[in-house]
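Residue-level structural notes
Chain by chain, the residues:
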Amino acid sequence: MGRYVIRRLLQMVPVFIGTTLLIFVMVYGLGDPVAAMFGDRTPDPATAAQIRHDLHLNDPLWQQYLIYMQHIFKGDFGKASNGQPVTELLGTAFPVTLRLTIMAFVIEAVVGIALGLFAGLRRGRFFDTGVLAMTLLVVSIPTFVTGFVLQYLLGVKWGVVHPSVGEGAPFKDLFIPGLVLAGVSLAYVARLTRTSVAENSRADYLRTAVAKGLPRRRVITNHMLRNSLIPVVTFLGTDIGNLMAGALVTERIFNIHGVGYQIYQGIVHNNPPTVVGFVTVLVIIFLGANLLVDLLYAVLDPRIRYA
Amino acid sequence: MRGAKSAKWVVGAAVIALAATACSSSDDSGSKDKAKASSGSSDGIVRAWWGDPQNPLEPANTNEVQGGKVLDMIFMNLKEYDPKTGKANLEAADSITTTDQQNFTIKIKPDLKFSDGTPVTSSSFVDAWNYGALVTNKQLNAYFFADIDGYKAVHPSDDPGAKPTSKTMSGLKVVDDHTFTVKLAQKFSTWPDRLGYKAFAPLPKEFFDNHAAYLAKPIGDGPYMIASYTKGTSMKLVPNPNYTGPSKPKNKGVLLKVYTSDDTAYADLQSGQLDVLDTVPPADLPHVKSDLNGRYLNQPAGIIQTFSFPMYDPAWSKPGMEKVRQGISMAIDRKTITDKIFQGTRTPATDLTSPVLGAAGGYSATLAGDAVKYDPVKAKQLIQDGGGLPGGHMTLGYNADSPHKDWVDAVCNSINQVLGDNKACVGAPTGTFADFRNQITKGQMKQPFRSGWQMDYPLIDDFLSPLYATGGSSNDSKYTNKTVDNLINQANAEPDTSKAITLYQQAESQVIKDMPVVPLWYQNGEAGWSSKVSNVTENAFSVPVFTDITVN
């Protein structure tokens, strides 16, 4: 197991270098960012030349990438267009998005698995049909529609909650955004759990457990649910990354100054260090979440072993 | 057992992940306190929409509205523009005098102080201007100092590799604490009226001594001072106790809140979480007045939208083509487009300036005359007389990362209907603004492209010299006409303002005749406000006049 973890960690290195290179090339390939700094005005040639020189924009792309990576290993992610170090932005934006992600993740896992479990146990009954219909509805509505509708109804029309999230994104403000962000994934989790539970309820080991005379509670939680959760855990694990990256839309709607907002600002202000820096950290999170999922398999299913 | 052993690894990984996030969550309590400190308008504070400034908040480095909004509040320049008339009035200056339109003596009011208590002296201005002009400081507004004698030495322009030979401009001389002289490179009678532009703001000692601390919390001599600034999120401004100028704040402060999107800000405004919003989302324009019970204003701003012909391409500039260019202008139904597409937030253009200048300042409702009137018959006739569109069709270039597609398509549609040809004009999007601007500045355009101008200061000169003089800093179409150049130079040297304006207008008429740029419409400034505030107005730069706003 230890060797497996080390091997996986080593494998992350080439993946990390590859993805950052790709992102770097794509972002810097967008064209000269200096022209946009001057608005509708022709850049003053001397000032523009000075800026280009200081940002190494005159060097070939591979050299720029090397310089960038050198700085990254020294902990310097460059500067945003307003002169703020990107590391500072990372430090303020990631905790905010992480809070939103945790909120969404808890909603999605708890509500999704519960709905799926009960629907799976009551297959074909009214509750099951209801869950299927509801999740179908949620999956088919894009996030920004649910976001705007909930914001308008709850925030503007009925005045139940503030339409936007306050400064520092406290947890109490994050419930509605979390719900919106979790929506689609919640539907998938519910459906995945339902199918898995339905399938496992006919499994041999379950019949044995019932025949042994174990209490129903124990049969369901220890035998049925634990085995049914394997595909769900895979989904949830990869979804952590998706939630963080996909928060872009939700963050924009609810005025949450997290990762999505900073990446968007980086693109709007034509500031490559912000975009590359944030995406790089997202890549690391994706890799970490995937490793965690693979390790969780072994916990859930004793038959899976890593050597 | 197996399961338990692997669980250890999972827990280990989870601990590492949590530890990694723990370092960053330590500042949570801090940001929560801030959230508390900056909430609510019940305490006499105006909560206003804000966009994240694009550049650090240095006066000579801020060339967009959101940063400008703050600079307007925290600085008092030698002259300031009257919010209603746009007229430049003396504020920090006691007097600005000249005998030859080239050498100016500037006297500053005594006893002016920055919000940190240090005095405003003549070197506060001279040092700030020298800093702004020096090429190695990379200030985006450096060219504003280009009229001052000695600019070339601190800002060698033509050769990108050239090093400055001096750190200060020879045209600026400190006489005593409250007097300094400015020598311009050539005569320029209306130059003092430029001094209201924020690039000319004075800077305190701290700007030069501790630059990083200054940028974290800029200090000025204006009506407000910055109480706290969380970059990218919010800024709280309170009245500056050291301010003695004429626009004392009528509220207890302003909280600028950065929003991720206009739609969210609009929702906040409706639900009373925001007091002033100066960009109403286009989708909400049709019902904004009923949503806000009429608490909405829509007035002309110093922005004109146009499209330019590439005058460096013979296909568009050869003799006879001026008829085609004029015909195209007359083929555009400006009234319908501004009503239907912009919901009245644009006003059809009648000249090349802006209504905010006022008739006395050089704006004219008749100057362009028939050249901007929709006249399908005459338009078609002119285009045919001039030999038709080059190659039988044209494209209209725009950048696709801003909402330009709708009006570009409408303009093309209008031209197509006049010509009776569905393919005569089509829109030509370019992906990003940066790419679009690059192609324009490199002179690679073969077809007309969208252009626009937001004034730096409310003077007719700012709408003409940079755009239509030969080699002008924003002459995107590379238009050149000796008559125009001569008239602008005469106007610059003319000491009598009204005579100067007549000369500028003569130059403008010549540009309209040549039509290198088709005037489309003036962009309006707009603002909506909550029931908690009153007296919301906007100045000529379409920025709310925060000092006048009162909290109910």
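The residue numbering used here restarts from 1 in each chain and proceeds along that chain's sequence as written. Chain labels run from A onward and ligand labels from 1 onward, assigned in the order the entries are written. Only residues with pLDDT of at least 70 are given local features in this predicted model, and only at 80 or more are side-chain atom pairs given and counted; all residues enter the totals for whole chains, interfaces and linings. Processing note: side-chain calculations cover all non-hydrogen atoms of the structure and skip hydrogens and water entirely.

1. Brief notes about the environment of Met 12 of chain A
Residue and element names in this part refer to chain A. Test applied: Secondary structure follows DSSP: runs of H or I at least 4 residues long count as helices, runs of E at least 2 residues long count as strands, and numbering of each begins at the N terminus. Note on contacts: a residue pair qualifies if any of its non-hydrogen atoms lie within 4.5 Å across the two residues.
Looking at where Met 12 falls in the secondary structure, it is placed in helix 1 (residues 2–28). Each C-alpha atom, one on Met 12 and one on Leu 291, is 9.8 Å from the other, the two residues being 279 residues apart in sequence. Ignoring sequence-local partners within four residues, the contact set of Met 12 consists of Leu 287, Gly 288 and Leu 291.

2. A closer look at the UniProt feature "transmembrane region" (unreviewed entry) in chain A
The following threshold applies: UniProt positions are given in the numbering used here, feature names are shortened, and annotations may be inferred rather than shown by experiment.
Residues annotated by UniProt as "transmembrane region" (unreviewed entry) correspond here to residues 12–31, 98–119, 131–154, 174–192, 228–249 and 275–300 of chain A. As annotated, residues 275–300 of chain A has a helix share of 100% and a strand share of 0%, and its two end C-alpha atoms lie 37 Å apart.

3. A closer look at the sheet that holds strand 6 (residues 172–176) of chain B
Residue and element names in this part refer to chain B. Rule in force here: Two strands are counted as paired when DSSP detects at least two bridges linking them. With axes taken as lines fitted to C-alpha atoms, and helix axes fitted only over the stretch in contact, angles between N-to-C directions fall between 0 and 180 degrees.
The strand order 4-5-7-6 describes an open sheet built from four strands, whose pairing is antiparallel. Every interior strand has two partners, whereas the edge strands, strand 4 (93–98) and strand 6, have only one. Direction aside, neighbouring strands of the sheet carry axes that sit 20 degrees apart on average. By the bridge criterion, five bridges tie strand 5 (residues 103–108) to strand 7 (residues 179–183) in an arrangement that is antiparallel. Paired with Phe 104 across the strands is Val 182, a residue of strand 7. Sitting on the sheet, helix 4 (residues 122–133) touches strand 5, strand 6 and strand 7, and the angle it makes with strand 6 is about 170 degrees.

4. Describing the pairing of strand 14 (residues 394–399) of chain B
Applied cut-off: Partly exposed residues are those whose accessible area sits between 20% and 50% of the maximum for their type, while under 20% is buried and over 50% is exposed, using a 1.4 Å probe and protein chains only.
Counted residue by residue, strand 14 of chain B has six buried out of six residues, so it is predominantly covered. Of the two faces of strand 14 of chain B, the one lined by Met 394, Leu 396 and Tyr 398 of chain B and the one lined by Thr 395, Gly 397 and Asn 399 of chain B are each fully buried.

5. Things to note about the interface of chain B and chain A
What counts here: As a working definition, buried area equals the accessible area (1.4 Å probe) given up by two parts on being put together, with both sides summed. Between Lys or Arg on one side and Asp or Glu on the other, a salt bridge is scored when a side-chain nitrogen of the former is within 4 Å of a carboxyl oxygen of the latter. We call two N or O atoms a polar contact when they sit within 3.5 Å, provided that within protein one can donate a hydrogen and the other can accept it, with sequence-adjacent residues counted only if both atoms are side-chain atoms. Only Asp, Glu, Lys and Arg are considered charged, only Ala, Val, Leu, Ile, Met, Phe, Trp, Tyr, Cys and Pro nonpolar, and every remaining residue, Gly among them, polar.
Each partner contributes to the interface: chain B provides 62 residues, whereas chain A provides 58 residues. Summed over both partners, the interface of chain B with chain A buries about 5300 Å², with 57% contributed by carbon and sulfur atoms. Counting across the interface, chain B meets chain A through one salt bridge. The salt bridge involving Lys 138 of chain B is made with Asp 54 of chain A; its shortest N-O contact spans 2.8 Å. In this assembly, chain B and chain A are joined by ten residue pairs in polar contact (both at pLDDT 80 or more). Counting residues per element, the ones that place at least two in the side of chain B that touches chain A are helix 1 (2–25), helix 2 (28–37), helix 8 (262–270), helix 16 (433–441) and strand 16 (449–454) of chain B. Residue contributions to the side of chain B that touches chain A peak at ten residues, all from helix 1 of chain B. Of the residues belonging to the side of chain B that touches chain A, the class tally is 20 nonpolar, 29 polar and 13 charged.

6. Side note on the side chain of Thr 353 of chain B
Residues and elements named next belong to chain B. Its location among the elements puts Thr 353 in the loop between strand 13 (346–348) and helix 13 (358–361). Classification of Thr 353 by relative accessible area gives buried; the value is 0%. Residues in contact with Thr 353, not counting those within four places in the same chain, are Ile 304, Gly 362, Tyr 363, Ile 460, Phe 463, Glu 508 and Tyr 522.

7. Observations regarding the packing of helix 5 (residues 86–121) of chain A against helix 8 (residues 175–200) of chain A
Between two packed helices, both the angle of their axes relative to each other and the distance between the axes serve to describe the pair. Residues and elements named next belong to chain A. To keep it simple, the criterion reads: Handedness of a crossing is defined here by the sense of rotation of the near helix relative to the far one, left-handed for an anticlockwise turn of less than a right angle and right-handed for a clockwise turn.
Where helix 5 meets helix 8, the closest approach of the two axes is 6 Å, and the angle between their N-to-C directions is 30 degrees. In this structure, helix 5 meets helix 8 at a crossing whose hand is right-handed. For the contact of helix 5 with helix 8, the per-class residue count stands at 19 nonpolar, six polar and two charged.

8. Describing the pattern of salt bridges
All names here are of chain B. Evaluation of the coordinates by the stated rule reveals 17 salt bridges over all chains. A salt bridge links Asp 275 to Arg 47; its shortest N-O distance comes to 3.0 Å. With Asp 275 in the loop between helix 8 and strand 11 (276–277) and Arg 47 in strand 1 (residues 46–50), the pair connects residues that are 228 residues apart, well separated along the chain. By relative accessible area, Asp 275 is classed as buried at 0%. Sharing partners across several salt bridges, the network here consists of Asp 147, Arg 194 and Asp 461.

9. Side note on the nonpolar core
Here is the rule: Only buried residues count toward a nonpolar core, which is a set of Ala, Val, Leu, Ile, Met, Phe, Trp, Tyr and Cys residues joined through side-chain atoms within 4.5 Å.
Judged by nonpolar contacts, the single largest core of 141 residues is most densely connected at Leu 78, Trp 129, Phe 145, Val 182, Trp 191, Leu 256 and Ile 328 of chain B. The element best represented in this core is helix 15 (residues 405–419) of chain B, accounting for eight residues. Sequence-distant contacts of Leu 256 of chain B, that is, excluding residues within four places in its chain, are made with Ala 48, Trp 49, Trp 50, Val 70, Met 73, Thr 233, Ser 234, Met 235, Leu 237 and Phe 546 of chain B. In terms of nonpolar packing, the next biggest core, distinct from the first, is built from 38 residues, Phe 24, Val 34, Ala 48 and Leu 57 of chain A among them.

10. A word on the pairing of strand 17 (residues 517–529) of chain B
Residues and elements named next belong to chain B. With twelve of 13 residues buried, strand 17 is to be regarded as a mostly interior element. Examined bridge by bridge, strand 11 and strand 17 share two bridges and lie antiparallel to one another. Of the residues in strand 17, the one forming a bridge with Leu 277 is Gly 528. One ladder, built from eleven bridges, connects strand 12 (residues 296–308) with strand 17; its direction is antiparallel. By the bridge assignment, Ile 304 is partnered in strand 17 with Tyr 522. By the bridge criterion, three bridges tie strand 13 to strand 17 in an arrangement that is antiparallel. When the sheet's bridge partners are listed, Thr 347 is paired in strand 17 with Tyr 522.

11. Focus on the packing of helix 10 (residues 216–254) of chain A against helix 12 (residues 272–300) of chain A
Residues and elements named next belong to chain A. Worth spelling out the cut-off: Roughly parallel refers to an angle under 35 degrees, roughly antiparallel to one over 145, roughly perpendicular to one between 65 and 115, and oblique to any angle outside these ranges.
Closest axis-to-axis distance for the helix 10/helix 12 pair is 9 Å, and the angle between their directions is 170 degrees. Considering their axes alone, helix 10 and helix 12 lie roughly antiparallel with respect to each other. Where helix 10 approaches helix 12, its residues Arg 226, Ile 230, Val 233, Thr 234, Gly 237, Thr 238, Ile 240, Gly 241, Asn 242, Met 244 and Ala 245 are matched on the opposing element by Leu 282, Ile 285, Phe 286, Ala 289, Asn 290, Val 293, Leu 296, Tyr 297, Val 299 and Leu 300. For the contact of helix 10 with helix 12, the residue count by class is 14 nonpolar, six polar and one charged.

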